[in-house]
Amino acid sequence: MDFKGSQDIQTLKEWLSGANRITILSHTHPDGDALGSSVGMGLYLREVLGKDAVCLVPDPVADNLQFILPEGLPLMDFKTCPDACRERIAGSDLILLLDGNNLSRTEALEPLVSASNARKVLIDHHIGPDREHFPLVFSTPEISSASELLYWVLKALGPQPLPLGCLQALLTGMTTDTNNFANSVYPSTFRMASEIIAAGADRDAVIGQLYNNYRENRVRLFGVMQAHGLKLLPNGTAYMILTREILTRFDIREGETEGLVNVPLTIGGVRLSLLLKEDQGHFRVSIRSKKGTSARLLAQEHFHGGGHENASGGKLYFPADVPTPGDAAALVEAILMQYCR
Ligand SMILES: [Mn+2]
């Protein structure tokens, strides 16, 4: 993963030096990789290049990921301050999208970004990069995360060493997308981690914040779902439905169900796991699979979504896809039974 000497790096360097107001975007419901890469980029732009850099996300940052956000790097979210976000996007001379392959992943921000005259750069690891909106694209699907891709891009941009806060954010983003080195790990991923830890990043702190800092309610919800909510189908697929009722009963906050969809895959013989989470007018759908079964195709074909081969997501709308939330289980079972024969 060496971008040194590449024409795209040269172009990025020129665009960065010619820009002052730079806005870093990522996708809706920003996860650890979206935030880790955004923060890594933001700190690089501020501390190394001295730019007016701001991170901008479509939705508020989940409480359990707040620790990624450093002081001194502004982050705005569109739900909380739409007018300021509109102004910021309109007044930017460079816009970067991280951890999203398509401008549509920013949902409500899409028309604002489309209308802006800023130069636009995409840095992402999902297949099918949006070259229509982004004339400059760094897209590598054979990599752990947007955070890792950005690490190699920033290394090529230089100068070395990169600020420690930037490295720490990238390490955090990569750790969440690989589920702590469990999936999507490449030789370059270990090299990145090794270099960052050697540079002084605190991996114990990252692990402590990500995996040993949950609220009791979240742990109890996982127990209840595993005992009573998990449905196993005879074709090696599994699903769980988080209804509004159970989310309310356990006082579950944004981000706190992260990881639940992976649990059924720990069972031998289960090759695909699906989680439905009730939202306003739709279910958010998360899908994880083992090698050889495509989570991406299932999301594309049945849930208006997409993603990675073994980790994808989408939506199930009511009443468009399913008459009422209560009918979702039957529909999902039929889809899963037909999908994995
Ligand atoms: Mn990612």
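The structure this text deals with has already been given above.
Given the structure is predicted, the values throughout are model-derived calculations rather than measurements.

About the thresholds
- Residues numbered from 1 in each chain as written.
- Predicted model: local features only at pLDDT ≥ 70, side-chain atom pairs only at ≥ 80, totals over all residues.
- Heavy atoms only, no water.
- Salt bridge = Lys/Arg side-chain N within 4 Å of Asp/Glu carboxyl O.
- Helix = DSSP H or I, 4+ residues; strand = E, 2+ residues; numbered from the N terminus.
- Buried < 20%, exposed > 50% of the residue type's maximum accessible area, 1.4 Å probe, protein only.
- 1 Å grid on protein atoms, 1.4 Å probe; cavity = no way out; pocket = protein on both sides within 12 Å on 5 of 7 lines; lining within 4 Å.
- Points joined across faces, edges and corners; volume = space filled by probe spheres on them.
- Nonpolar A, V, L, I, M, F, W, Y, C, P; charged D, E, K, R; others polar.
- Domains from an automatic or database assignment.
- Donors = N, O, S within 2.8 Å, 3.2 Å for Na, K, Ca; no water.
- Pairing = 2+ DSSP bridges.
- Contact = heavy atoms within 4.5 Å.
- Axes fitted to C-alpha atoms, helices over the stretch in contact; angles between N-to-C directions.
- Core = buried A, V, L, I, M, F, W, Y, C linked by side-chain atoms within 4.5 Å.

A. Layout of the pattern of salt bridges. For the structure shown, the criterion picks out 16 salt bridges. One salt bridge in this structure joins R244 and E278, with 3.8 Å as the shortest N-O distance. Separated by 34 residues along the polypeptide, R244 in helix α10 (residues 244-249) and E278 in strand β9 (residues 272-279) bring together distant segments of the chain. A relative accessible area of 37% means that R244 is categorised as partly exposed. Given a relative accessible area of 17%, E278 falls into the buried group. Between R284 and E254 there is a salt bridge, and its shortest N-O distance comes to 3.0 Å. Residue R284 is found in strand β10 (residues 282-289), and its partner E254 is found in the loop between α10 and β9; the two are separated by 30 residues along the sequence. The exposure class of E254 is partly exposed, given its relative accessible area of 31%. The structure contains a network of salt bridges with shared partners spanning R21, R46, D52 and R88.

B. Just the layout of surface pockets, in detail. What the second largest pocket holds in volume is close to 300 Å³. Considering the residues around the second largest pocket, the lining is formed by 17 residues, among which R253, E254, K277, D279 and R284 are closest to the centre. Secondary structure elements with two or more residues in the lining of the second largest pocket: α10 and β9. Here the lining of the second largest pocket gets three residues from one element, more than from any other, and that element is β9. Of the residues belonging to the lining of the second largest pocket, the class tally is five nonpolar, two polar and 10 charged. Residue assignment places the lining of the second largest pocket across two domains, with domain 1 (7-211) and domain 2 (216-339) each supplying three or more.

C. Focus on the coordination of the manganese ion. In the first shell of the manganese ion, the protein supplies D33 (OD), D99 (OD), H125 (NE2) and D177 (OD), at 2.1 to 2.3 Å from the metal. Mapping the donors of the manganese ion onto the primary sequence gives the spacing D-x65-D-x25-H-x51-D. Separated by 92 residues along the polypeptide, D33 in helix α2 (residues 32-48) and H125 in the loop between β5 (119-124) and β6 (136-139) bring together distant segments of the chain.

D. Representation of the sheet that holds strand β12 (residues 311-317) within the structure. Pairing within the open sheet is mixed, and its six strands lie in the order β7-β8-β9-β10-β12-β11. The open sheet has two free edges, formed respectively by β7 (231-232) and β11 (306-307), since each of these has just one partner strand. Across eight bridges, β9 lies against β10 in antiparallel orientation. Each bridged residue has a counterpart across the sheet, and for S273 the counterpart in β10 is R288. Here helix α9 (residues 216-229) sits on the sheet and contacts β7 and β8 (237-242); the angle it forms with β8, its principal contact strand, is near 125°.

E. Focus on the nonpolar core. Ranked by internal contacts, the top residues of the largest apolar core, which has 50 residues, are M41, L45, V121, F138 and L154. The element best represented in this core is helix α5 (residues 146-157), accounting for eight residues. Counting 20 residues, the second largest nonpolar core, distinct from the first, contains L272, F283, L298 and F318.

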